[in-house]
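Coordinate analysis (summary)
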Amino acid sequence: MMTSTSGRECPYLVITGSPGNPGVIPSSYAETQPARKEWRRWEARNFTDFSFFTPKTMVERNKKALLDLLNKDGNSECADCGCGDPDWASANIGIFICIDCAGIHRMLGAHISKVKSLRLDSWSDDQVEFMTSTGNLAAKAKYEIHVPPFYHRPMAKDPQVLREQWIRAKYERMEFQYLERQTYLSGYKEGFLWKRGKENSTFQQRRFILAEEDDILKYYQKADAKEPKAAIKISELNANFTPEKIGNPNGLQISWVKDGSTRNIYVYTEDGKDIVDWYTSVRAAKYNRLKVAYPGGNDADLVTRLTRTFVKEGWLYKTGPRHNEPYKRRWFTLDDRRLMYFEDPLDAYPKGEIFLGHKSDGYKALEGVPPGKQDVGNSFTIRTPGRDYLLGAETEEERVEWMDVLRKVFDRPISPQDSTAAANLVHKRGNAPVLNSILGK
Ligand SMILES: [Zn+2]
């Protein structure tokens, strides 16, 4: 055995086996990524058959058995968010999960989910046997048996509240095994949400009512008011979690077009389940109404039209239409084909919004600014049939990202829904020539 002569532990390499003298798999050695790679390369160079390795202990044998299970169908992706390379598991549920989802499982308590690391913890024979007989596909068949088509299944990049409630819904509340626990199926929801004031930035409790039958989400200024402060058509609203912007982990942004401009309200509830229930109720109502409008529509198409996550948000510097005004810092939001800019990220209305059409209509994202125009640094130009928008990003990386997402929009053909969205913005400053080209006028 090779050991360090200085008495310090070797960080990577303690090799005990060799082609002439097959030994044991040195588990302690394979804990770090470079070491694992190095070990695999060495194995591949020296052996074609690993079967002569006799694991030294049950712990090592079980660890190898567990890692082998990752190759089984369904186990190579996190059972809860779908991201690759799960390194963790729930030993009593029988699933392989990523480190982020493992963190959420820990919050549920060991009586719901017993979280273990595949590589760092030791596993008993019984536990390995259970993991072998269960696994991600079997658990999915059990815990996700009645997930409604409109339920948003979170992915790794979704906010924590969505991922946490998905995991709690599955394993803690067992919501998808018992339909009566799905409180968003009734088409009606009523309750109080903390809503940010339009003029002042404080949050106040407001009564909200969602009524699918009337296609209405409404809220009341005072709890005993007869008339709602606003009544929003569910079919025309978007709901989107923006926790960082709102400054609350359960922060939900609700947007709709009012008189040709996008109106935004910002709400949250203290309870994560409640806000996700509101979100899911909105999606359910939209889905059910689309089902009626398009009886032959398939679920995969319809569910893409329920709610939209913003493509990108962030600060940019922007100059006015004459291009000789000073640059001002604005908060930009790219929502589908609509680019909005705000003075404050939580404003009720954007200062302006730009409909982004197809490249064949002359839409382009250009690096830098046209010759002779003032450049604020990390700059780029959005060319539209109506005018050039000269913008500056805070970093080079941000500029590359913005140009990349904008080009993807310009490459995508215009759909009939896009044309409707454009028509709804008809009153907005600077859009008229653009709209004429899109609407064929
Ligand atoms: Zn995950």
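Quick summary incoming for the structure in this document. Predicted model, so just to flag it, every value in this text is computed and none were measured. (Residues numbered from 1 in each chain as written. Predicted model: local features only at pLDDT ≥ 70, side-chain atom pairs only at ≥ 80, totals over all residues. Heavy atoms only, no water.)

**Here we look at the coordination of the zinc ion**
- Around the zinc ion, the protein supplies C78 (SG), C81 (SG), C98 (SG) and C101 (SG) as donor atoms, at distances of 2.3 Å.
- Counting gaps between the donor residues of the zinc ion yields the pattern C-x2-C-x16-C-x2-C. Here the residue C78 occupies a position in the loop between α2 (58-69) and β1 (88-90), and C98 occupies one in the loop between β2 (95-97) and α3 (99-108), the gap between them amounting to 20 residues.
- When its relative accessible area of 4% is taken as the criterion, C78 is described as buried. (Donors = N, O, S within 2.8 Å, 3.2 Å for Na, K, Ca; no water. Helix = DSSP H or I, 4+ residues; strand = E, 2+ residues; numbered from the N terminus. Buried < 20%, exposed > 50% of the residue type's maximum accessible area, 1.4 Å probe, protein only.)

**Some details on the layout of surface pockets**
- Each pocket or cavity is described by its volume, and for the largest pocket that value is around 1,000 Å³.
- In terms of lining residues, the largest pocket is bounded by 31 residues, among which S235, K286, R305, R308 and Q417 are the most central.
- Looking at the lining of the largest pocket, the elements with two or more residues in it are β9 (252-258), α8 (272-293), β13 (338-342) and α11 (416-424).
- For the lining of the largest pocket, the element with the most residues is α11, which contributes six residues.
- Residues of the lining of the largest pocket, tallied by class, amount to eleven nonpolar, ten polar and ten charged. (1 Å grid on protein atoms, 1.4 Å probe; cavity = no way out; pocket = protein on both sides within 12 Å on 5 of 7 lines; lining within 4 Å. Points joined across faces, edges and corners; volume = space filled by probe spheres on them. Nonpolar A, V, L, I, M, F, W, Y, C, P; charged D, E, K, R; others polar.)

**Brief notes about the packing of helix α6 (residues 160-172) against α8**
- Look at α6 against α8: their axes get within 10 Å of each other, and the N-to-C directions meet at 95°. The orientation of α6 relative to α8 falls into the category roughly perpendicular. Only G272, K273, I275, V276 and Y279 of α8 make contact with α6, whose side of the interface consists of V161, L162 and Q165. (Axes fitted to C-alpha atoms, helices over the stretch in contact; angles between N-to-C directions. Parallel < 35°, antiparallel > 145°, perpendicular 65-115°, else oblique. Contact = heavy atoms within 4.5 Å.)

**Digging into the nonpolar core**
- Ranked by internal contacts, the top residues of the largest apolar core, which has 36 residues, are L217 and I254.
- Contributions of two or more residues to this core are made by α6, β5 (203-211), β6 (216-220), β7 (230-233), β8 (238-241), β9, β10 (261-268) and α8.
- The element best represented in this core is α8, accounting for nine residues.
- Discounting chain neighbours no more than four positions away, the residues touching L217 are F208, I209, L210, A230, A231, I232, I234, L237, I254 and W278.
- Y341, A365, F380 and V409 belong to the second largest nonpolar core, which has 20 residues in total. (Core = buried A, V, L, I, M, F, W, Y, C linked by side-chain atoms within 4.5 Å.)

**A short note on α3**
- Here α3 has its buried residues at C101, A102, I104, H105 and L108. Down the axis of α3, the buried set is contained in an arc of 160°. They therefore lie on one face. Seen from the buried face of α3, the exposed residues on the opposite side, beyond 90 degrees, are I99 and R106.
- Close packing links the buried residues of α3 with β1, β2, β3 (115-117) and α6.
- One or two steps after α3, the chain reaches G109, where phi turns positive at roughly 95°. (Arc of directions from axis to C-beta.)

**A few points about the side chain of S255**
- Here S255 shows up in strand β9.
- Since its relative accessible area comes to 6%, S255 is described here as buried.
- A polar side-chain atom of S255 sits 2.9 Å from a polar atom in the side chain of N264.
- When sequence neighbours within four positions are dropped, the list of residues in contact with S255 reads E236, L237, N238, T262, R263, N264 and F310. (Polar contact = N/O pair within 3.5 Å; in protein donor to acceptor, adjacent residues only side chain to side chain.)

**Let's talk about the pattern of salt bridges**
- Summed over the entire model, instances satisfying the criterion amount to 30 salt bridges.
- Salt-bridge contacts for D277 lead to K273; the nearest nitrogen and oxygen are separated by 2.7 Å. Remark: K273 and D277 occur in helix α8; sequence separation between them is four residues, near one turn of the helix.
- The shortest N-O distance in the salt bridge between R308 and D335 comes to 2.8 Å. Here R308, found in the loop between α9 (299-303) and β11 (312-318), pairs with D335, found in strand β12 (residues 328-335); they are 27 residues apart in sequence, far enough to count as distant. (Salt bridge = Lys/Arg side-chain N within 4 Å of Asp/Glu carboxyl O.)

**Side note on helix α10 (residues 396-411)**
- For α10, with 16 residues, the first-to-last C-alpha span of 23 Å sits near the 22 Å given by 1.5 Å per residue.
- In this structure, the buried side of α10 is in contact with β11, β12, β13, β15 (364-367), β16 (379-383) and β17 (388-393). (Expected span 1.5 Å × (residues − 1).)

**So, the pairing of β12**
- Within β12, six of the eight residues are buried, which leaves the element mostly enclosed by the surrounding structure.
- In terms of strand pairing, β11 meets β12 through seven bridges, oriented antiparallel. Residue pairing across strands places E313 opposite T333, the latter belonging to β12.
- Bridge analysis of β12 against β13 gives five bridges, and the strand direction is antiparallel. Looking across to β13, one finds that T333 is bridged to M340.
- Count of turn residues in the β12/β13 antiparallel hairpin: two residues, of which D336 carries a positive phi of about 60°. (Pairing = 2+ DSSP bridges.)

**Remarks on the sheet that holds β2**
- Read across the sheet, three strands follow the order β2-β1-β3 without closing on themselves; strand pairing throughout is antiparallel. Strands at the two margins of the open sheet, each flanked by one partner only, are β2 and β3. Between one strand and the next, the sheet's axes are offset by a mean angle of 35°, whatever the strand orientation.
- One ladder, built from three bridges, connects β1 with β2; its direction is antiparallel. Bridged to A89 within β2 is F96.

**Here we look at the packing of aromatic side chains**
- All chains considered together, the criterion is met by 16 aromatic pairs.
- Ring centres of F150 and Y184 lie 6.3 Å apart, and the angle between their planes is 90°; on these two criteria the pair is classed as edge-to-face. Taken together, the residues span a long stretch of sequence, with F150 in the loop between α5 (136-143) and α6 and Y184 in the loop between α6 and β4 (188-196) at a distance of 34 residues. Note on accessibility: F150 and Y184 belong to one class, buried.
- Taking NZ or CZ as reference, K116 lies 4.9 Å from the ring centre of W123, over its face.
- Seen from the ring of W315, R329 lies directly overhead, with NZ or CZ sitting 4.1 Å from the centre. (Phe/Tyr/Trp six-rings, centres within 6.5 Å; stacked < 30°, edge-to-face > 60°. Lys NZ or Arg CZ within 6 Å of the ring centre and 35° of its normal.)

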